[in-house]
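Here is how the chains run, residue by residue.
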There are 2 protein chains.
Amino acid sequence: MSPTREGSAVQSVDRAVSILEMLAARGDLGITEIAEELEVHKSTASRLVAALQSRHLLEQQGERGKYALSYGIVRLAAATTARLDVARLGQPICGRLAESLGETVNVAVSDGEVAITVAQEDGAAAITSQNWVGRRTPLHATSAGKVLLAWMDEDSRRPLLRRALHRYTDDTIVEHAALRAELARVLDEGHARSFEELEVGMHAVAVPVFSGDGTVGSALSATGPSYRLPRRRARAIVADLREGAAELSVELGYRAG
Amino acid sequence: MSPTREGSAVQSVDRAVSILEMLAARGDLGITEIAEELEVHKSTASRLVAALQSRHLLEQQGERGKYALSYGIVRLAAATTARLDVARLGQPICGRLAESLGETVNVAVSDGEVAITVAQEDGAAAITSQNWVGRRTPLHATSAGKVLLAWMDEDSRRPLLRRALHRYTDDTIVEHAALRAELARVLDEGHARSFEELEVGMHAVAVPVFSGDGTVGSALSATGPSYRLPRRRARAIVADLREGAAELSVELGYRAG
DNA sequence: TGAGCAAGTTGCGCAATAAGCAACGTGGCT
DNA sequence: AGCCACGTTGCTTATTGCGCAACTTGCTCA
């Protein structure tokens, strides 16, 4: 039997989601390729694909072509209006700041476990970041993640701060006490930094974005190589990020007291 | 046993997708509500939700709260890069045209069966359209749908033109021959119209948007009430829509011969 | 033109999984 | 403190999901 994932109770649902993720990663795949990768019989793959296709999450390209994700996914995604609003409204603000700062600027939200980038624009420099949109990044090792953690309600944060903290570089914070102190500092200063904590040579700084209900639902951050975004400059651009975040907060319905 | 949908071979996958769609429609739901709507036992609903949650398609709000779609969906959606590019690049063009025309402007793509709106901006008028983003609309009765059908390759279009065409109003085209003639006219004139064919009192006009490979992957349309967008004015704004579509086409990589 | 091959589909039977039941834990409310 | 509703989980079993084999279809090549 094919390996099932930890904590999942429904094998066929798990397999179906794996198919969606494979297609997200690869663009399009045939039944045989899906079957091989899932380690199931072709007929099993065929039926799972048919089930997803009947609900418009997948489509076949032509009558005999490979399968790809369809707009059922986008329709589901579009439904999470608030979150997509963050993405949609954040995009032009990222664009403007990326142009003025010359670095990569993104907006990230938390899914309760990690940070996920929902909007990104790159600066004009040749050396720039990869595309993080849709990517999951650790909360404790990124500047946006620290913002999201710092403003997270205690009930949601508590289990996250109990988990083992993965070390990515020599500078990654992996002690719980150190992370708590860092989050207190973030709250105190109103912004977070990550200096080579996720990746050697990569600096980032982030500020909170407030939602209509007054909570911090997302973070706005700038990222660059350490030689172009030294610590001093990282601190200096906080004001620009704060301006952008304030604008985005207002667009999201935030009314400052 | 709960009713299974026509054409679906895997009941638990079907149920899981139904949960996603319920949450897309309602925002958040508890296990008991999901169980009632799916007509299954609470433990069944609980396990299906747990399976989706373990793959980050759902998240629970707090430790005892309701469930909502999570960014796993957005991450899957983000992966269909080209399609989301249509949405992202189309949004500001919709915004500009909506402002200048004073009507609702959208961009729609086809999922092979229907038209799906991926970007929309509303004009300033108090009477405006509902939000169509993510919504599925019929190809034969909408202006955007007619554009997508007219430029569709014959293999993909043939089965669609064999199906029974649903009548929405007295003006809906439901004869296959009439629809073929209409599509020929759309190709000839380079734009499509829908005058009260989807909804009484609603007029729309659409033009093709070309992709990098030269095909028509999306359509740009304007929609308004018939008293504000009479037939004469609908024809008049085609030039504006063409300009916007040309710009979007170039941004999508289209190079006119 | 026909054979061979690969991809995908489908009927069938069966074993494994999905599901229901009952009991339990937990938090909110009175 | 007790009640209620929600959600979870162990257990059992009935149903579904799955693998197998056979089939269809389209493409390639001799």
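Residues numbered from 1 in each chain as written. Chains lettered and ligands numbered in written order. Predicted model: local features only at pLDDT ≥ 70, side-chain atom pairs only at ≥ 80, totals over all residues. Heavy atoms only, no water.

Novice: Lay out the pattern of salt bridges in plain terms, naming residues and giving numbers.
Specialist: Residues and elements named next belong to chain A. Applying the stated rule across the entire model yields 22 salt bridges over all chains. Residue E197 is joined to K146 by a salt bridge in which the shortest nitrogen-to-oxygen separation is 2.8 Å. Taken as a pair, E197 in the loop between β7 (192–195) and β8 (202–210) and K146 in helix α6 (residues 143–150) lie far apart in primary sequence, 51 residues in all. With a relative accessible area of 8%, E197 lands in the buried category. Connected through salt bridges with shared partners, the residues K146, E182, R185, E189, R193 and E197 form a single ionic network. (Salt bridge = Lys/Arg side-chain N within 4 Å of Asp/Glu carboxyl O. Helix = DSSP H or I, 4+ residues; strand = E, 2+ residues; numbered from the N terminus. Buried < 20%, exposed > 50% of the residue type's maximum accessible area, 1.4 Å probe, protein only.)

Novice: Mind laying out the packing of aromatic side chains, listing which residues take part and the relevant values?
Specialist: Geometry of an aromatic ring pair is reported as the spacing of the ring centres plus the angle between the planes. All names here are of chain A. Under the definition given, this model contains two aromatic pairs over all chains. Summarising the aromatic geometry, the rings of F210 and Y254 are spaced 4.8 Å apart at their centres and angled 20 degrees between planes, so their arrangement reads as stacked. Taken as a pair, F210 in strand β8 and Y254 in the segment after α10 (238–251) lie far apart in primary sequence, 44 residues in all. (Phe/Tyr/Trp six-rings, centres within 6.5 Å; stacked < 30°, edge-to-face > 60°.)

Novice: A description of helix α7 (residues 154–162) of chain A should follow, citing residues and the corresponding values.
Specialist: Residues and elements named next belong to chain A. For α7, every residue scored as buried is listed here: R157, L160 and L161. Down the axis of α7, the buried side of the element spans an arc of 95 degrees, and every buried residue falls inside it. Residues of α7 that are buried in the fold lie against α6 and α8 (176–189). (Arc of directions from axis to C-beta. Contact = heavy atoms within 4.5 Å.)

Novice: Before we move on, could you go through the environment of B:G30 and cite the residues and values that matter?
Specialist: Inspection of the secondary structure assignment puts B:G30 in the loop between β1 (28–29) and α2 (31–38). C-alpha of B:G30 to C-alpha of B:K66: the two residues are 36 residues apart in sequence and 4.6 Å apart in space.

Novice: Outline α2(B), supporting the account with residue identities and numerical values.
Specialist: Side chains of residues three or four places apart in an α-helix project in the same direction, reflecting 3.6 residues per turn. Residues and elements named next belong to chain B. Restricting attention to buried positions, one finds in α2 the residues I31, I34, A35 and L38. When α2 is viewed along its axis, its buried side chains cluster within an angular range of 100 degrees and face the same direction. The elements touched by buried residues of α2 are α1 (11–26), β1, α3 (42–54) and β3 (67–69). Immediately beyond the C-terminal end of α2, within one or two residues, lies E39, with a positive phi of roughly 60 degrees.

Novice: Which residues make up the sheet that holds strand β1 (residues 28–29) of chain A, and what values go with them?
Specialist: Residues and elements named next belong to chain A. An order of β1-β3-β2 is seen for the three strands of this open sheet, with the pairing classed as antiparallel. Of all strands in the sheet, those bounded by a partner on one side alone are β1 and β2 (58–60). Across two bridges, β1 lies against strand β3 (residues 67–69) in antiparallel orientation. In the strand pairing of β3, D28 is matched with A68. (Pairing = 2+ DSSP bridges.)

Novice: Which residues make up the sheet that holds β7(A), and what values do they have?
Specialist: All names here are of chain A. In space, the six strands of this open sheet follow the order β6-β5-β4-β9-β8-β7, with antiparallel pairing throughout. Pairing within the sheet leaves two strands with one partner each, and these edge strands are β6 (136–137) and β7. Sheet analysis places strand β4 (residues 104–110) next to strand β9 (residues 216–225), joined by six bridges and oriented antiparallel. Bridge pairing in β9 links A108 to A219. Against the sheet, α6 touches β4, β5 (115–121), β7, β8 and β9, its axis set at about 155 degrees to β9. Here α10 sits on the sheet in contact with β4, β8 and β9, set at roughly 35 degrees to β8. (Axes fitted to C-alpha atoms, helices over the stretch in contact; angles between N-to-C directions.)

Novice: Help me get a handle on the packing of α1(B) against α3(B), residues and values and all.
Specialist: Residue and element names in this part refer to chain B. Two elements in contact, α1 and α3, have axes whose closest approach is 10 Å; the angle formed by their N-to-C orientations is 75 degrees. Here α1 is positioned roughly perpendicular relative to α3, judged by the angle of their axes. Only T44, L48, V49 and L52 of α3 make contact with α1, whose side of the interface consists of S12, R15, A16, I19 and L20. When its residues are assigned to classes, the contact of α1 with α3 shows six nonpolar, two polar and one charged. (Parallel < 35°, antiparallel > 145°, perpendicular 65-115°, else oblique. Nonpolar A, V, L, I, M, F, W, Y, C, P; charged D, E, K, R; others polar.)

Novice: Describe the confidence of the model for chain A, with residues and values.
Specialist: Chain-level pLDDT for chain A is 85 on average; 91% of the residues reach the 70-or-more range. In this model, residues 1–7 of chain A is a region of pLDDT below 50 whose contacts with residues beyond four sequence positions or in other chains number 13 contacts. (pLDDT = per-residue confidence, 0-100.)

Novice: So what's going on with the pairing of strand β8 (residues 202–210) of chain B? Residues and values would help.
Specialist: Residues and elements named next belong to chain B. With eight of nine residues buried, β8 is to be regarded as a mostly interior element. When strand β7 (residues 192–195) meets β8, the two strands line up antiparallel, connected through four bridges. Note that in β8 the partner of R193 across the bridge is V205. Linking β7 to β8, which pair antiparallel, is a turn of six residues; within it E196 sits at a positive phi near 55 degrees. Here β8 pairs with strand β9 (residues 216–225) via nine bridges, running antiparallel. Bridge assignment links M202 to a residue of β9, and that residue is P225.

Novice: With reference to specific residues and values, describe the domain arrangement of chain A.
Specialist: Split into domains, chain A comes out as domain 1 (11–77) and domain 2 (80–251). For domain 1 of chain A versus domain 2 of chain A, the distance between C-alpha centres works out to 33 Å. (Domains from an automatic or database assignment.)

Novice: Tell me about the environment of A:A50, and name the residues and values.
Specialist: With respect to the secondary-structure elements, A:A50 resides in helix α3 (residues 42–54). Considered as a pair, A:A50 and A:Q60 are ten residues apart in the sequence and their alpha carbons are 9.8 Å apart.

Novice: With reference to specific residues and values, describe unusual backbone geometry.
Specialist: Despite not being glycine, A:E196 has its phi angle at roughly 55 degrees, a positive value. Tracing the backbone shows A:E196 in the loop between β7 and β8. In the Ramachandran plot, B:E39 falls in the positive-phi region, its phi being about 60 degrees despite a non-glycine side chain. With respect to the helices and strands, B:E39 occurs in the loop between α2 and α3.

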